[in-house]
Amino acid sequence: MVHTRNSMKSKMIKVIVDVVSKPTVYYPIIVVIIFSLLRFVNIQIEGIFGFRLLNPIIMGLIVGYFFGRQIIKERKLHQLAIYDPLSGLYNRVGFTLQVSQFFANINSTKNISVISIDVDDFKSINDTYGHDIGDRALELIGKIIQANSRQSDFAGRCGGDEFTILLPADYHVAMRISKAILEEIHNSPLKLDDNTFVDLHISIGFASTKESTMSQKALFKLSDEKLYESKALGKHQICGIEM
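Just so you know, these numbers come straight off a predicted model, no measurement behind them.

## Quick look at the overall build of the protein chain
Part 1: Summing up its helical and strand segments, the protein chain has 8 helices and 7 strands in all.
Part 2: Relative to its full complement of 243 residues, the protein chain shows a buried share of 40%.
Part 3: Counted over contacts in the protein chain with a minimum sequence separation of 6, partners at least 24 positions apart contribute 70%.
Part 4: Surface exposure of the protein chain reaches about 13800 Å², of which carbon and sulfur atoms provide 58%.

## Structural notes on the sheet that holds strand 7 (residues 238-242)
Part 1: Pairing is mixed across the open sheet formed by 5 strands, whose spatial order is 2-3-1-6-7. Only two strands of the sheet have a single neighbouring strand rather than two, namely strand 2 (154-157) and strand 7. When the angles between neighbouring strand axes are averaged without regard to direction, this sheet yields 10°.
Part 2: Bridge count between strand 1 (residues 112-119) and strand 3 (residues 162-167): 6 bridges; the pairing is antiparallel. Opposite Ser 116, over in strand 3, you have Thr 164 as the bridge partner.
Part 3: Across the face of the sheet, helix 7 (residues 171-186) comes into contact with strand 1, strand 3, strand 6 (202-209) and strand 7 while running at roughly 170° to strand 6.

## A look at the pairing of strand 6
Part 1: Of all 8 residues making up strand 6, 8 are buried, and the element is well covered by its neighbours.
Part 2: Burial of strand 6 is two-sided: the residues Ile 202, Ile 204, Phe 206 and Ser 208 facing one way and the residues Ser 203, Gly 205, Ala 207 and Thr 209 facing the other way are all buried.
Part 3: Judged from the 8 bridges that link them, strand 1 and strand 6 form a sheet pairing that is antiparallel. Its bridge partner being in strand 6, Ile 112 is matched across the sheet by Thr 209.
Part 4: The pairing of strand 6 with strand 7 spans 5 bridges and is classified as parallel. Within the sheet, the bridge partner assigned to Phe 206 lies in strand 7 and is Gly 240.

Reading the values: the criteria
- Residue positions are given per chain, counting from 1 as you read along its sequence in written order.
- Note on the predicted model: pLDDT of at least 70 is required for a residue's local features to be given, and 80 or more for side-chain atom pairs to be given and counted; whole-chain, interface and lining totals, by contrast, use all residues.
- Only heavy atoms go into the side-chain values, all of them from the structure, while hydrogens and water stay out.
- Where helices and strands are cited, they refer to DSSP runs of H or I of at least four residues and of E of at least two residues respectively, numbered from the N terminus.
- The buried label goes to any residue with under 20% of its type's maximum accessible area, the exposed label to any with over 50%, and the partly exposed label to all in between, with areas taken from a 1.4 Å probe on protein chains only.
- Contacts: residue pairs with any heavy atoms within 4.5 Å of one another.
- Using a 1.4 Å probe, the Shrake-Rupley method yields the accessible areas, and only the shown protein chains count as cover for residues.
- Strands qualify as paired when DSSP identifies two bridges or more between them.
- Axes here refer to lines fitted to C-alpha atoms; in helices the fit is confined to the stretch in contact. Angles between the N-to-C directions go from 0 to 180 degrees.

In structure tokens, the structure reads:
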């Protein structure tokens, strides 16, 4: 199941994502330089030939168009760097980054919970109906997880059919959110056509603590252990622990 990376790897991931996610830092300076160069060229052309090649408005449109396209392109790269396009949640890189930042800024009295989710018999869905249907199942489950998560929570798809939620909440809130996700997925079969539906089921394990001495690795490990326990009980179950 999902485990967080060590701090060094998390820092490396943060550097990579920052490079992609902050492309506009030097754009104002670059725009000024290019605009000044174009203006200089215009002045030289006017001095030699008696007319300007481009007026200031057209120059501004050209510069704006070029950098506008670049900003859009790099924002798309940023999205691909940290989000899973299938589920709409964070991917492993994005989730690991959020986890590292969360634990770096946490205070000693804050409640923390980790919810680990695994799709039951997902291989059977792929084998029976094909990977396209499996992808649709993951997409639906991702939407349900997102809909039941709060703004303060971080949800990610960190493996093929494995999802994780990090939330600043106690045991009772984690249990409530887990139950809501489990029940909604159970009541939301995937429709293939008017007569065919695929039932979806998940198993959930979670761990909660407000002990500042517990490491993120230990908390994630406990959550995974509870998920294994849930699977062992017959799947479509929730097992949680409060430390």
